[in-house]
Amino acid sequence: MSEQPKKTPCGIGVLAHVDAGKTTLSEGLLYVSGARRVLGRVDHGDALLDSFTLERQRGITIFSKQARLETARRAVTLIDTPGHVDFAAETERVLPVLDCAVLVVSGTDGVQAHTRTLWRLLEKHRVPVFLFINKMDLPGADRETLLKQLQKEFGEGCVDFGGSVDSIREAAAMCDEALLESYLAGGPVTDGNLRQLIEKRQLFPVFFGAALKNQGIAELLDGLDVYAPEKTYGADFAARVYKITRDPQGSRLTWLKITGGSLAVREPVRYQNRQGENLTEKPAQLRFYSGEKFETPERAEAGAVLAVTGLTATWAGQGLGAESDRFRPELEPVMTYRVALPPRADPAVVLPRLRQLEEEDPQLRIAWDGKQIGVRIMGQVQLEIFQSLVKQRFDLDITLEDPRIFYKETIENTVEGVGHFEPLRHYAEVHLLLEPGEPGSGLTFSTVCPQDVLDPAYQSLVLTHLAEKQHRGVLTGAPITDMKITLLIGKAHLKHTEGGDFRQATYRAVRQGLMQAKNVLLEPWYDFQIELPQAQIGRAITDIRAMGGAPGSPESRGGMAILEGRVPAGEIRDYAAVLAAYTQGHGRLSLSMRGYEPCHNARQVIEETAYDPEADLENTPDSVFCSHGAGHTVKWDQVKDYMHLESGLKTEKPQMRLLPAMDDQELERIMEREFGPIRRRQYTAPKTSAAAEVTIRTPREKCLIVDGYNMIFAWESLAETAKTDLSTARRHLTDALTSYAGFTKARVILVFDSYRQPGSEKYRDAGIQVVFTREGETADAYIQALARDMGGNYRVSVASSDGLIQLSALGSGVLRVSARELEEEVRRAREEMRKFYEIDN
């Protein structure tokens, strides 16, 4: 009897937006392939791949799980991943070990916000993709419409593999210019051609079906068997770690894919731990898991995905052997919480236990500041799961308190930062170039320093010190990101330079550069999709704008309205419950991490944080120079007068002035006129805003803020009156707005500029609030602050034709009304009053 040919190992991930039917499809693949005799179902609680108690209780996948099946040519490791956005980081960690992925899309919902995030991640990691459109048995699922949407969202390479062989090959040929020329000349399009196009992510096979009824699953399996990429591996041992867990007995499991050579039990594995220490350990056991059950081979070959016991300090994303540590996650939690422990619980005992959970989910970022434990969480569902895990694993009832947005900082201009460290018998000077990076790029470090100026060993040390620390920004003390930091030049001393000197000089150079730069506060933003009844679309748009978000144009789909856009993560975190309430359960919110973008209320956050970068002694921007045999501190803004090396920046040609030059005094007068008196202290702001005296009571009440003098000089009738009697014009405007407020039930705040007049005044006049700003304060500045402060609790509109105020209103997420629009609105209100109350003015 001839020996059966060895099947090609293949790691296939199954990904989807939550509730698209991903785990149902995975169970169907196991059943149709013969790997399971019984078809597991999520709703029955017997799915092989949702074995964790919390998963079965909630009906969602929380942890990635693997199972094994075979096709005619392949030995497949199927990895089911979480679909909920709160656990997207778990999904991302799996991607580097996949040979290909099946992206599941609901036929009734189409491409959703999180589907786009998954596609972006698959593209980033260059993972070939097969698409399975599920739930095609349900009303509203239209094959042709869905295919067009896929081609619009993901490209023309999305090809229906349910058609004829000729139509598939013709569509595939269109994806590659060389193949198309060959095809048009009469050449064949082979299975190998299709496989190559799929591997290069030029072709994305699309299958349609209904996983719950096992429709389309056999066709998908056949497609994977024939067209999934076939990897080749090197002879030397290499592996990629993608997950750390513990089994029910507490044994530590390192989950990895072998990407070269092979691995055997008791065969030494050499690697470095997180601290950079070299370790040599021997695997005690190799495990091929399928659900909760596993086999224990003595050796595993390249391409295998398995769990290993006996490795004590590995970490998710690590490369072993010939594999490099190149994995850098894109997704990360957006909120930080304080962990409140039960009475008599010792933080020193609890902290190492929580570190175990951090080892399994590195994005938790467990932190200890000497007083309390902190944790980073993506959303409400993950928060609840984390608490449940701590209870289940360690029998601790913890609560998570003091939620805060995790901010970051970056810069928008290029600067040179200088750090000098020279106490007695120490010496190092470092010059760094700090440049803005692409959004989402993180921090990148490099050197252009000549080797004859600074020894390569010292240059390597500077790059190490740049990478080893989480550098803080100077606005709120948040971590910096999206920057390119380059070593320009440096200097050491033959006798006095010690090991830690370049660390101090490097840290100080970063901070000194940041103190000079134009800094930008960043916050996490979500892409959102809201599905709700048509009648409530106006409410949703208003709410999103009030959050500082940017809604797009609504669309209609199946009798429902679809609204997409982007919104600050901190503003929308509780909105799902609000949406469900005002739509009587018919509304649905879908969120997807967009990334970090400029903060919508940066000024408010900076003021509330009250961070003083010069008082942060652990992150000082100042340098230390030696004089008369002793070290002395030089403030950051004077360092360039003392530095020993010339600037590492090349001199640029002066740019041509496009505007007339203005001296400093003239610039200062303009700034004071527009924004009030200039405060000299850097990076801090007044503890209270100009709007602090306006009492805010009823949430979501309509509020109109009116720039008084702007209206007077824009409305023809008032402008004429103002020529002879300004106080009468003010009285007429107040009367008109009082009538308008009474009829529309809107709260009206009428603001007049008293910039050059002593004192200030605020009073109520027949139902509206009238404000005369204080001396030295413009109406522009007052309105900007007031709109920002009230925008989170009111549906705010700002009436002004002043361009600066309108721009500020746009940045605060409030509605803008021009002087002409308000005049017309007041006129219409007066007409309505005449009509209904027979008032004749």
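Scroll up a little and you will see the structure.
Residues numbered from 1 in each chain as written. Predicted model: local features only at pLDDT ≥ 70, side-chain atom pairs only at ≥ 80, totals over all residues. Heavy atoms only, no water.

Observations concerning the pattern of salt bridges
What the rule picks out here adds up to 45 salt bridges. The salt bridge partner of R68 is E295, with a shortest N-O separation of 3.6 Å. Here R68 is found in strand β2 (residues 65-70), whereas its partner E295 is found in strand β14 (residues 293-295), with 227 residues between them in sequence. The closest approach of N and O atoms between E824 and R827, which form a salt bridge, is 2.4 Å. In this pair, E824 and R827 both sit in helix α25 (residues 819-837), 3 residues apart, roughly one turn of the helix. Residue E824 is classed as partly exposed on the basis of its relative accessible area, which comes to 31%. Three or more residues are tied together by salt bridges with common partners; here these are R246, R252, E359, E360 and R393. (Salt bridge = Lys/Arg side-chain N within 4 Å of Asp/Glu carboxyl O. Helix = DSSP H or I, 4+ residues; strand = E, 2+ residues; numbered from the N terminus. Buried < 20%, exposed > 50% of the residue type's maximum accessible area, 1.4 Å probe, protein only.)

Section: the sheet that holds strand β8 (residues 238-246)
Overall, antiparallel pairing links the 6 strands, which are arranged β14-β13-β16-β9-β8-β17 in an open sheet. One side of each edge strand has no neighbouring strand; the edge strands of this open sheet are β14 and β17 (319-321). Strand-to-strand twist in this sheet, taken as the mean axis angle between neighbours without regard to direction, amounts to 40 degrees. Helix α10 (residues 347-360) contacts β8 and β9 (252-260) of the sheet and is inclined by roughly 140 degrees relative to β8. (Pairing = 2+ DSSP bridges. Axes fitted to C-alpha atoms, helices over the stretch in contact; angles between N-to-C directions. Contact = heavy atoms within 4.5 Å.)

Quick word on the packing of helix α1 (residues 22-32) against helix α9 (residues 217-227)
Look at α1 against α9: their axes get within 10 Å of each other, and the N-to-C directions meet at 75 degrees. Our classification of the angle between α1 and α9 gives roughly perpendicular. Here L25, G28, L29 and V32 of α1 lie close against α9, whose contacting residues are I217, A218, L220 and L221. Among the residues making up the contact of α1 with α9, the classes are represented as 7 nonpolar, 1 polar and no charged. (Parallel < 35°, antiparallel > 145°, perpendicular 65-115°, else oblique. Nonpolar A, V, L, I, M, F, W, Y, C, P; charged D, E, K, R; others polar.)

Considering the sheet that holds strand β19 (residues 367-368)
Spatially, β19-β20-β18-β21 is the arrangement adopted by the 4 strands of the open sheet, whose pairing is antiparallel. Either end of the sheet is taken by a strand with one partner, and the two such strands are β19 and β21 (399-405). Sheet topology note: the β19/strand β20 (residues 373-377) ladder contains 2 bridges and is antiparallel. Looking across to β20, one finds that A367 is bridged to G374. Running over the sheet, α10 touches β18 (335-340), β19 and β20 and is turned about 25 degrees from β20.

Overview of the packing of aromatic side chains
Tallying each qualifying case throughout the model produces 11 aromatic pairs. Plain terms: the ring middles of Y575 and Y582 are 6.4 Å apart, the flat faces sit at 55 degrees to each other, and that makes the pair tilted. For the pair formed by Y575 and Y582, the shared burial category is buried. Relative to F772, the ring of F752 has its centre 5.2 Å away and its plane inclined at 25 degrees; by these criteria the two rings are stacked. Linking F752 in strand β35 (residues 747-752) with F772 in strand β37 (residues 768-772), this pair joins segments that are 20 residues apart in sequence. The two residues F752 and F772 agree in class, both being buried. (Phe/Tyr/Trp six-rings, centres within 6.5 Å; stacked < 30°, edge-to-face > 60°.)

Read these as spatial facts, not as claims about activity.
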